[in-house]
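Now for the letters of each chain:
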Amino acid sequence: MTTTIDELAAPDASRARRPRAAVLPYPALLAVLAAALAGSTLLATGVGPVGVPADEVARILAHHLTGGGDTAATSDLIIWRIRFPRVLLGAVVGAGLALAGAVVQGVVRNPVADPYLLGLSHGASVGAVLVLTTGAAALGALTLPVAAFAGAAAAMAVVLVMARHRGRLLPVRLILVGVAIGHLFAGVTSFALARTDSSAAQQQIIFWLLGGLSGAQWATLPVPAAVVAGGVALLLVRARRLNALVLGEEAGAALGVNTSRLRWYLLILTTLVTGTVVAVSGGIGFVGLIVPHLARMLVGADHRRMLPVTALLGALFLLWADVAARMLISPAELPIGILTAFLGVPFFLLVMRARGLATQESAS
Amino acid sequence: MRLDIDAVSVALGGRPVLHEVDLTVHPGQFTALVGPNGSGKSTLLRAVYRARRPDAGAVRLDGRDLWAMPAAEAARHTGVLMQEQHTGFEFTVAETVALGRTPHLGLFDRFTRADRAAVDEAVERTGLTPYRDRRVGELSGGERQRVLLARALAQQPRLLVLDEPTNHLDIRHQLDILELVRDLGITVLAALHSLDLAACYADTVAVLRAGRLVGHGRPEEVLTPTAIAEVFDVDATVHHDGGATRFALRPRCVCPEQLCHWSCRTRRAAALTETTDVR
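Residues numbered from 1 in each chain as written. Chains lettered and ligands numbered in written order. Predicted model: local features only at pLDDT ≥ 70, side-chain atom pairs only at ≥ 80, totals over all residues. Heavy atoms only, no water.

Participant: Sorry, what's going on with the overall build of chain B here?
Facilitator: Within chain B, the regular secondary structure consists of 10 helices and 12 strands. The principal-axis extents of the C-alpha atoms in chain B amount to approximately 85 × 45 × 35 Å. The buried share of chain B, reckoned over its 279 residues, is 52%. Restricting the contact set of chain B to residue pairs at least 6 apart, pairs at least 24 apart contribute 60%. A total accessible area of about 12,600 Å² is found for chain B, and carbon and sulfur atoms account for 49% of it. (Helix = DSSP H or I, 4+ residues; strand = E, 2+ residues; numbered from the N terminus. Buried < 20%, exposed > 50% of the residue type's maximum accessible area, 1.4 Å probe, protein only. Contact = heavy atoms within 4.5 Å. Areas by Shrake-Rupley, 256 points an atom, 1.4 Å probe, with all protein chains shown as cover.)

Okay, here's the thing in structure tokens:
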């Protein structure tokens, strides 16, 4: 155990010593993001057509969180019944979409992938559109989310079955089948949209397709929150294997990772997370595509570090996008999908140019 | 660790690629796998590092069926340096090498001091210490090859499988990497293109041709001019030069009669010999 290559060929030190620019030590970064999220929750809850100062927001929230009952004050109603659940749901949805994006990008080893690439949102749309055009209300207020989730799950099931080749899931087939099935479902949505006579239904459908959190209430919060929290936990445990998966089929085999089984597992988990959040928020684009890249720019590609950052950034981003959606043409509301594009794209392009997105340079 | 490849057959897309290959590598032995392109070298290695299950036959490590083990256990025994184009996201050198510990860690295990030591040692031995925090994508092909070797070493395997480990490397690093591997003292099965390197570093050479094992033994026994002509379709002269074996290879003569190209001269040499004989 004596020979090292180092002794024989000393590397060019000037080229070698270039540490990666670290913004902050990792734990500090996590703490800053968590604090920013907590602060943003307070601020964003206060912002709206009726402004409420942050200290009053804090007082109202503290009152309720310590078991206090409803009071007659208008601000109490607005803050506790309407805005706070909505802000929380925005954070949950943002975290869920961003996480799902990070996982799908890793699973199909493609940086332009997002949870919708595999046909999920188109499936959810079909479910939602069927409810909106037929006026079905079998499950009351939950009819729409349940139908949207069922649509997403159905689309994913079709994609998984069709992409399967001798029991294995391979990235390129997944992308091809996902895109194809997505187009098929989008066709169904367009058909339903064109056929319906009710312009009110059409309006609702368009709004749903662009996404929004206006339906948020306490009742819609627990299921997505639990699913996203569970998803974070299950993903973090497998972050190391996800790293191996990103290196490819052969590397996975060499490192003792059952790549095919891991892909199945991760895609089903992604479907659950995406389907659940899309069901309550509609088709909010862009978060799942961009936030994982921002996280990689900050802390590198190791999923053990980037997944928590992705979740926090996604939560922050969607929370503020929703504030903008509420405020820009207040008292009316913009679909949040428009905001994520208007805010997110310029921001992402600026950051990318400033820091350099080196994701694909290595592929040469 | 003893590796037994036992009547392994593999067909890809209906075309047989390996036909009942039998090969044993004894503990601590370095066996080079040589053969022309398409002879099945990579496929045989893939059956050993569990990337392709054999259609028939078995691969055994110390007598235990490799393909019956859990994937992680197999990977604790077997390290691999494969021909691989890194197309993942931007991992750093240290992160990539740390992935070599994956088979040793359960879902809930954290990186221990022993894991970190294994990674540090692998980085050190491959001369990558100054590169630790560089992104793999920024490195040259040769440096990347060393990163992959470091990842395999971090696995602390008892069998190392190498597929063309000297690809992308300059002459110096070709020798360095094989020397390092030989010095590990573990069992090695390496597909090599260069007969010189095979003869120089391997204890035994196994020759594959069209999916069949056509020879296995000490380099000087197996790599004879006749065998080389038959397997690689080139003319060879073998020189034994103070313990080292050297191969002079040239294409077989396909020049028109009487008119050998200057770079070939096979026939002229033959003609000269004939003239001498007549006189």
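Participant: Would you explain the domain arrangement of chain B in this entry?
Facilitator: Much of the literature gives interface size as the accessible area that the parts lose upon coming together. All names here are of chain B. Taken domain by domain, chain B consists of domain 1 (3-232) and domain 2 (236-279). In this assembly, nine residues from domain 1 lie in contact with eight residues from domain 2. Both sides together, the interface formed by domain 1 and domain 2 hides about 710 Å², and carbon and sulfur atoms give 67% of it. At the junction of domain 1 and domain 2, the tally comes to zero salt bridges. In this assembly, domain 1 and domain 2 are joined by one residue pair in polar contact (both at pLDDT 80 or more). Of all elements in the fold, only helix H7 (195-201) and helix H9 (225-232) reach the threshold of two or more residues within the side of domain 1 that touches domain 2. Grouping the constituent residues of the side of domain 1 that touches domain 2 by class yields six nonpolar, one polar and two charged. (Domains from an automatic or database assignment. Buried area = accessible area lost by both parts, 1.4 Å probe. Salt bridge = Lys/Arg side-chain N within 4 Å of Asp/Glu carboxyl O. Polar contact = N/O pair within 3.5 Å; in protein donor to acceptor, adjacent residues only side chain to side chain. Nonpolar A, V, L, I, M, F, W, Y, C, P; charged D, E, K, R; others polar.)

Participant: Got a minute to help me understand the sheet that holds strand E8 (residues 187-191) of chain B in this structure?
Facilitator: Each strand in a sheet pairs with another by means of backbone hydrogen bonds, the pair being arranged parallel or else antiparallel. Residues and elements named next belong to chain B. Ordered by their spatial adjacency, six strands build an open sheet running E6-E7-E8-E3-E9-E10, and the pairing between neighbours is mixed. Across the chains shown, the open sheet's two edge strands, defined by having one partner strand only, are strand E6 (78-81) and strand E10 (212-217). Between one strand axis and the next, the sheet turns through 15° on average, direction left out of account. With respect to the sheet, helix H6 (residues 171-183) is in contact with strand E3 (30-34), E6, strand E7 (159-163) and E8, its orientation differing from that of E3 by roughly 135°. (Pairing = 2+ DSSP bridges. Axes fitted to C-alpha atoms, helices over the stretch in contact; angles between N-to-C directions.)

Participant: Just checking my understanding: could you explain the nonpolar core for this structure?
Facilitator: When a protein is soluble and globular, its nonpolar side chains tend to lie buried together. Judged by nonpolar contacts, the single largest core of 99 residues is most densely connected at Val93 and Leu174 of chain A. It is helix H15 (residues 303-327) of chain A that contributes the most residues to this core, 15 residues altogether. Excluding residues that lie within four positions of it along the chain, leucine 174 of chain A makes contacts with Val107, Val108, Leu118, Val159, Leu160, Ala163, Leu169, Arg263 and Leu267 of chain A. Of all hydrophobic cores here, the second largest spans 50 residues; its members include Val93, Val97, Val147 and Val231 of chain B. (Core = buried A, V, L, I, M, F, W, Y, C linked by side-chain atoms within 4.5 Å.)

Participant: Explanation requested: helix H10 (residues 222-237) of chain A in the structure shown.
Facilitator: Residues that lie three or four places apart on an α-helix share one face, since the helix turns once every 3.6 residues. Residue and element names in this part refer to chain A. For H10, spanning 16 residues, the distance from its first C-alpha to its last is 23 Å, which sits close to the expected 22 Å at 1.5 Å a residue. Of all the positions in H10, only Pro224, Val228, Gly231 and Leu235 are classed as buried. For H10, the angular spread of buried residues about the axis comes to 60°, placing them on one side. (Expected span 1.5 Å × (residues − 1). Arc of directions from axis to C-beta.)

Participant: Explain the confidence of the model for chain B here, please?
Facilitator: Caution applies to low-pLDDT parts of the model: their predicted coordinates are not meant to be read in detail. On average, residues of chain B score 88 in pLDDT, and 92% of them reach the 70 mark or higher. The model gives residues 275-279 of chain B a pLDDT under 50, and that stretch makes zero contacts with residues more than four places away or in other chains. (pLDDT = per-residue confidence, 0-100.)

Participant: How should a nonpolar patch on the surface be read in this particular structure?
Facilitator: On the surface, Leu139, Leu142 and Val146 of chain A cluster together into a nonpolar patch covering about 270 Å² of accessible area. Valine 146 of chain A sits in the partly exposed class, given a relative accessible area of 40%. (Patch = residues over 30% accessible without salt bridge, like charges linked within 9 Å, V, L, I, M, F, W, Y side chains within 5 Å.)

Participant: Would you mind showing me how to read the pattern of salt bridges here?
Facilitator: Here the idea is simple: oppositely charged side chains can pair when their charged atoms come close. Tallied over the entire structure, the rule returns 17 salt bridges over all chains. The salt bridge involving aspartate 322 of chain A is made with arginine 86 of chain A; its shortest N-O contact spans 2.8 Å. Residue aspartate 322 of chain A is located in helix H15, and its partner arginine 86 of chain A is located in helix H5 (residues 74-107); the two are separated by 236 residues in the primary sequence. The exposure class of aspartate 322 of chain A is buried, given its relative accessible area of 2%. The closest approach of N and O atoms between aspartate 6 of chain B and arginine 60 of chain B, which form a salt bridge, is 2.6 Å. Of this pair, aspartate 6 of chain B sits in strand E1 (residues 3-12) while arginine 60 of chain B sits in strand E4 (residues 56-61); the two residues are 54 residues apart in sequence, bridging distant segments of the chain. Accessibility expressed as a relative area gives 31% for aspartate 6 of chain B, which makes it partly exposed.

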